[in-house]
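# Coordinates in review
Okay, here's what each chain looks like letter by letter:
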Amino acid sequence: MTHGILDILRFFLLALIWLFLLYAARMVYVEVHRGQRERAARGGGGTAKASPSQVPYLRILESKERKGERIALGEETTIGRSAACTISLDSDRFVSGLHARIVEHEGMWWIEDLGSTNGTFHNARRIVAPERLRRGDRFTIGSTIFEVAR
């Protein structure tokens, strides 16, 4: 084998090792934050939270596999095809890996598109900036339609 091909293979292997390390670091980050969200949901967070009656959940209105499912919202809920997302829509080809997120800020929940290819639609309008979610609002990610409920 020529030295040029060996150099290319060496750089390719080095790139794969770096990608693996970056992926492992991201998974550690996601798991640490998931643990913090779970502790906060159990009451160990230390910051003021909305009362349980005010905490919304999502109801899936349209989806082949998950129709009718109810999902409680935490401080941050990520939605996408990735298994690392809080709500994984892995079978929907129109959903990006990390598509959108819902965050709680001062007792209000906001939805934000994270630069997805096909967009996030809140009450039938494409999101271009974070928008506040209220009870009864609907949003669409890929072919899945969610409704905000309390």
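Residues numbered from 1 in each chain as written. Predicted model: local features only at pLDDT ≥ 70, side-chain atom pairs only at ≥ 80, totals over all residues. Heavy atoms only, no water.

### Observations regarding the sheet that holds strand β10 (residues 138-141)
If you trace the six strands from one edge of the open sheet to the other, you get β2-β1-β11-β10-β7-β8, paired in antiparallel fashion. In this open sheet, the two edge strands, each paired with only one partner strand, are β2 (70-72) and β8 (125-126). Pairing analysis gives four bridges linking β10 to strand β11 (residues 144-149), with the strands arranged antiparallel. Note that in β11 the partner of Arg138 across the bridge is Glu147. (Pairing = 2+ DSSP bridges. Helix = DSSP H or I, 4+ residues; strand = E, 2+ residues; numbered from the N terminus.)

### Concerning the pattern of salt bridges
Going through the model one piece at a time under the given rule, you end up with seven salt bridges. A salt bridge links Asp7 to Arg10; the nearest nitrogen and oxygen atoms lie 3.0 Å apart. One end of the pair is Asp7 and the other is Arg10, both in helix α1 (residues 3-41) and three residues apart, which spans about a single turn. Residue Asp7 is classed as partly exposed on the basis of its relative accessible area of 33%. Across the pair Glu76 and Arg101 runs a salt bridge, and its minimum N-O distance is 2.8 Å. With Glu76 in strand β3 (residues 76-80) and Arg101 in strand β5 (residues 100-105), the pair connects residues that are 25 residues apart, well separated along the chain. (Salt bridge = Lys/Arg side-chain N within 4 Å of Asp/Glu carboxyl O. Buried < 20%, exposed > 50% of the residue type's maximum accessible area, 1.4 Å probe, protein only.)

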